[in-house]
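Observations on the model geometry
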2 protein chains.
Amino acid sequence: MTTDVSKYRLNHVMYRIRDPKASVRFYSEALGMKLLDTMHSDEAKFSLYFFGYEDPATSSTARLARQGVLELTHNHGSENDAGFAYDTGNGDKGGYGHIAVTVDNLDAACERLDKLGVRFIKRPTEGRMRHIAFVADPDGYRVELLENPELAA
Amino acid sequence: MTTDVSKYRLNHVMYRIRDPKASVRFYSEALGMKLLDTMHSDEAKFSLYFFGYEDPATSSTARLARQGVLELTHNHGSENDAGFAYDTGNGDKGGYGHIAVTVDNLDAACERLDKLGVRFIKRPTEGRMRHIAFVADPDGYRVELLENPELAA
């Protein structure tokens, strides 16, 4: 048996969500990702939602043969418990930080998200780092926004 | 101002690490990632380490113009405190789950990581899901390993 590490890829990141309806809406409509795949297990009482951006540079659209995939895990029932909340990682000793989405134009992207009612944690005009923004997803997970220098004018 | 969501990309995932020496060794030597970029701030007392796999399908090697980037944040000083530990997300109410790396051959990849002394959380031979494995990074963050179907024989 042999393995060639040059063929390895960072395929996805996974976190758990309380309410798939809210999260699917956020990642599809607000962030513009495509729902690549779903898996549901009634027996084990969980569902998986796989998101990613369409990327012509990626040789395959299959979710296991590409990078930049977001896997959201929903343990059935949490959506009916309004008091349920996951630890989203940025409190005291919280290890998890955020995902980051690169955009073509940061100000225009923020203006669009503002109109869609997305909650901002940090706008480009706030703080010292004017080249980044942070928004919150429905669970409160942080999503950083920053410009792709190859797309920005 | 306009923005085109079809140009957005899922660029990176960030989490915090206790000891950069241990993490750089793990992600470089064990997982075979390339250290794409580093940033250090003595004033704000943190360092950033950006990792990713080389990907011919990606149009650019610039870390902001690609997908599949792992950003590790080191807040200076934690490496000298043996009792310091980040919450890596999989306890009670833990939202963060894992990153996943696709490999060419799961059994061969696991055999190689075993020889390197990497800690396994789940081997392919354990549990019901025989097509995946989980290893732990130096902080205990979970890394899932699974086969890329376009590479597997």
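Computed from a predicted structure; not experimentally measured.

Quick look at the relation of the copies chain A and chain B
- Superposition of chain A onto chain B requires a rotation of 180° combined with a translation of 0.0 Å along the rotation axis, giving an RMSD of 0.0 Å. The symmetry that links the two subunits is that of a two-fold axis.
- Of the interface residues in chain A, 100% have counterparts in chain B that sit at the interface too, so the contact is made through matching surfaces.

Section: the pattern of salt bridges
Residues and elements named next belong to chain A.
- Taken as a whole and judged by the stated rule, the model has 10 salt bridges over all chains.
- Between Lys34 and Glu54 there is a salt bridge; the shortest N-O distance is 3.9 Å. Placement of the pair is Lys34 in strand β2 (residues 34–41) and Glu54 in the loop between β3 (46–52) and β4 (69–75), with a sequence separation of 20 residues.
- A relative accessible area of 48% means that Glu54 is categorised as partly exposed.

Examining the nonpolar core
- In terms of nonpolar packing, the biggest core is built from 64 residues, with Tyr27, Ile99 and Leu145 of chain A together with Tyr27, Ile99 and Leu145 of chain B touching the most fellow members.
- Apart from the residues within four sequence positions on either side, Tyr27 of chain B is in contact with Tyr15, Gly32, Met33, Phe51, Leu70, Leu72, Ile99, Asp137 and Val143 of chain B.

Observations concerning the packing of aromatic side chains
- This model, assessed by the stated rule, comprises 15 aromatic pairs over all chains.
- Note on Tyr15 of chain B and Tyr96 of chain B: the rings are 5.8 Å apart at their centroids and 50° apart in plane angle, and the pair reads as tilted. Placement of the pair is Tyr15 of chain B in strand β1 (residues 9–17) and Tyr96 of chain B in strand β5 (residues 96–103), with a sequence separation of 81 residues.
- Judged by its relative accessible area of 1%, Tyr96 of chain B falls in the buried class.
- Among the aromatic residues, those joined into a ring-pair cluster are Tyr15, Tyr96 and Tyr141 of chain A together with Tyr15, Tyr96 and Tyr141 of chain B.
- If you follow Arg63 of chain B out to its NZ or CZ, it ends over the ring of Phe50 of chain B, 3.7 Å from the centre.
- One residue, Arg123 of chain B, lies across the ring of Phe120 of chain B, its end atom 4.4 Å from the ring centre.

Observations regarding the environment of Ile99 of chain B
- Along the chain, Ile99 of chain B turns up in strand β5.
- Residue classification places Ile99 of chain B among the buried residues on the basis of a relative accessible area of 0%.
- If we skip the residues at most four places from it in the chain, Ile99 of chain B touches Leu10, His12 and Val13 of chain A together with Val13, Tyr15, Tyr27, Met33, Leu70, Arg142, Val143 and Glu144 of chain B.

Looking at the pairing of β5 of chain B
- A large share of β5 of chain B lies buried, amounting to eight of its eight residues.
- Bridge count between strand β1 (residues 9–17) of chain A and β5 of chain B: six bridges; the pairing is antiparallel. Residue Val13 of chain A lies in a different strand from β5 of chain B, and its bridge partner there is Ile99 of chain B.
- Where β5 of chain B meets strand β8 (residues 142–147) of chain B, six bridges bridge the pair, whose relative direction is parallel. In the strand pairing of β8 of chain B, His98 of chain B is matched with Arg142 of chain B.

Re the interface of chain A and chain B
- Listed as interface residues are 69 residues of chain A and, on the opposing side, 69 residues of chain B.
- Between chain A and chain B lies a buried interface of about 5,700 Å² when both sides are counted; carbon and sulfur atoms form 56% of it.
- When residues of chain A are sorted by the area they lose upon contact with chain B, Tyr8, Arg9 and Leu10 of chain A head the list and together hold 13% of the total.
- Taken together, the connections running from chain A to chain B amount to two salt bridges.
- Our count for the chain A to chain B interface comes out at 35 residue pairs in polar contact (both at pLDDT 80 or more).

Procedures and definitions
Residues numbered from 1 in each chain as written. Chains lettered and ligands numbered in written order. Predicted model: local features only at pLDDT ≥ 70, side-chain atom pairs only at ≥ 80, totals over all residues. Heavy atoms only, no water. Least-squares fit on C-alpha atoms with pLDDT ≥ 70 in both. Contact = heavy atoms within 4.5 Å. Salt bridge = Lys/Arg side-chain N within 4 Å of Asp/Glu carboxyl O. Helix = DSSP H or I, 4+ residues; strand = E, 2+ residues; numbered from the N terminus. Buried < 20%, exposed > 50% of the residue type's maximum accessible area, 1.4 Å probe, protein only. Core = buried A, V, L, I, M, F, W, Y, C linked by side-chain atoms within 4.5 Å. Phe/Tyr/Trp six-rings, centres within 6.5 Å; stacked < 30°, edge-to-face > 60°. Lys NZ or Arg CZ within 6 Å of the ring centre and 35° of its normal. Pairing = 2+ DSSP bridges. Buried area = accessible area lost by both parts, 1.4 Å probe. Polar contact = N/O pair within 3.5 Å; in protein donor to acceptor, adjacent residues only side chain to side chain.

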